[in-house]
Amino acid sequence: MMKTHYLSPEYWKWLQSHPEHARNHFTQTSQSALEKAKSGEMESARQTAGEAYEIAQAVLLSLQAPETSPAAQRKDLTAYGAAAIQLARSHAATGNIEDAATCLDAASQQIYALAPLFALHPELLTMLQQITFSLQQGLAFYQLQTLSSRALH
């Protein structure tokens, strides 16, 4: 079982067993995180963004039914990448630049690990490359900020 930081192990297991329900939970949780951030509740937004990220990850790592369409897989991959970026932004907004970088790095590594599963779908592999590129761009940005802050001290 995957180690979680924001969700209970029981909930994680349930999400993986019910990806169709998890997708709805992801949408609701992600929206809630955005609303909290807009209202200035940054710590709560970070926690909720973390929950959304782990929900998206649970869906991505769940056993998918053979009839799962490439369109549904694209949505799951996009949701995972977007959730990682949302969580990284929440970390950065609360002053945790290193955690933001770590989040994007972990998401990028997760996508690299999953890439062979999509070998028969070149359009999904292209999408994975695009998501990974976006995550790496964000990672480079946060790493640069981390280096700059260390140089000042």
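Everything below is about the structure shown above.
Residues numbered from 1 in each chain as written. Predicted model: local features only at pLDDT ≥ 70, side-chain atom pairs only at ≥ 80, totals over all residues. Heavy atoms only, no water.

A.B. asks: Could you clarify how one ought to interpret the nonpolar core in this entry?
C.D. replies: Note that soluble globular proteins tend to have their nonpolar side chains buried in a common cluster. Counting residues in hydrophobic clusters, the biggest one holds 37 residues, and the most contacted among them are Phe-26, Tyr-53, Leu-77, Tyr-80, Ala-84, Leu-104 and Leu-135. Listing elements by their share of this core, those giving two or more residues are α1 (9–17), α2 (19–38), α3 (42–61), α4 (70–93), α5 (97–114) and α6 (122–152). By residue number, the principal contributor to this core is α3, which donates 8 residues. Apart from the residues lying within four places of it in its own chain, the contact partners of Leu-135 are Gly-81, Ala-84, Ile-85, Leu-104, Ala-107, Ser-108 and Ile-111. (Core = buried A, V, L, I, M, F, W, Y, C linked by side-chain atoms within 4.5 Å. Buried < 20%, exposed > 50% of the residue type's maximum accessible area, 1.4 Å probe, protein only. Helix = DSSP H or I, 4+ residues; strand = E, 2+ residues; numbered from the N terminus. Contact = heavy atoms within 4.5 Å.)

A.B. asks: Help me out: how do you make sense of the packing of aromatic side chains in this one?
C.D. replies: Both the distance between ring centres and the angle between the ring planes are used here to describe each pair of aromatic rings. A complete count under the given rule lists 3 aromatic pairs for this structure. For the ring pair Tyr-11 and Trp-14, a centre distance of 6.2 Å and an interplane angle of 10° mean the geometry is stacked. Pair noted here: Tyr-11 and Trp-14 are both in helix α1, with a separation of 3 residues, about one helical turn. Taken together, a centroid distance of 5.3 Å and an interplanar angle of 65° make the contact between Phe-141 and Tyr-142 edge-to-face. A relative accessible area of 47% means that Phe-141 is categorised as partly exposed. The buried category is assigned to Tyr-142, whose relative accessible area is 9%. (Phe/Tyr/Trp six-rings, centres within 6.5 Å; stacked < 30°, edge-to-face > 60°.)

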